[in-house]
Amino acid sequence: MKKLISGVLMILMSTSCIFFIWDTEPSGKTAYWYIKNSTDIPLSVSWVKDTSEYLSVGDSLCIQGGGMYQPLHPPQFKHSMRFYNIYVYDEDGNELCRWVEGEIQEGQRNIYEEEYWTHYRDSLDYIWVFDIKEEDFAY
């Protein structure tokens, strides 16, 4: 009976997600960049102009993740960014706003400036979050 119970437990453990948790544990050396939808409008984003591939933001969307850093040297905002052009669309594919590096309009919140990002440091990783607001749609 003990062998049967042990066998069932082994099968259950091998098919559960518990092993995948170990693979996805943050390393403490990684930075993540999120776009957060702070509007009531369903949004999608693209990194390349005129592409038919948009990623739905939902509540938030990781636009950059990874990058290993030395534990004693946290990633710096500007030096660790690896995205250049961000285009935001509504659910019908209409462009609502864009951020193109070097072409930020006067009065537009500059997605490339650290002051517009919220920085979090959980016990393991570095996280930056940019809230898309309806005021961004004026540009």
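Whatever comes next refers back to the structure up there.
Residues numbered from 1 in each chain as written. Predicted model: local features only at pLDDT ≥ 70, side-chain atom pairs only at ≥ 80, totals over all residues. Heavy atoms only, no water.

Novice: Got a minute to help me understand the nonpolar core in this structure?
Specialist: In summary, soluble globular proteins display a tendency toward joint burial of nonpolar side chains. With 22 residues, the main nonpolar core has Ile-63, Val-88, Trp-99, Ile-111, Trp-117 and Ile-132 as its most contacted residues. Put simply, the parts of the chain that give this core at least two residues each are strand 1 (31-37), strand 4 (60-66), strand 5 (85-89), strand 6 (95-100) and strand 8 (126-132). Per element, the largest residue contribution to this core is 4 residues, and it comes from strand 8. Ile-63 has contacts with Trp-33, Ile-35, Trp-47, Phe-83, Ile-86 and Trp-117, leaving out every residue within four places of it along the chain. (Core = buried A, V, L, I, M, F, W, Y, C linked by side-chain atoms within 4.5 Å. Buried < 20%, exposed > 50% of the residue type's maximum accessible area, 1.4 Å probe, protein only. Helix = DSSP H or I, 4+ residues; strand = E, 2+ residues; numbered from the N terminus. Contact = heavy atoms within 4.5 Å.)

Novice: In this structure, what is going on with the pattern of salt bridges? I would like to understand it.
Specialist: Working definition: two side chains of opposite charge can pair if their charged atoms are close together. Under the defined criterion, the tally for this structure stands at 4 salt bridges. Residues Arg-109 and Asp-136 are paired through a salt bridge, measuring 2.6 Å at the closest nitrogen-oxygen approach. Note that Arg-109 is positioned in the loop between strand 6 and strand 7 (118-121) and Asp-136 in the segment after strand 8, a separation of 27 residues in sequence. Neither Arg-109 nor Asp-136 differs from the other in exposure class; each is buried. One network of salt bridges, in which partners are shared, links Arg-109, Glu-135 and Asp-136. (Salt bridge = Lys/Arg side-chain N within 4 Å of Asp/Glu carboxyl O.)

Keep in mind that these numbers describe shape and distance, not what the molecule does.
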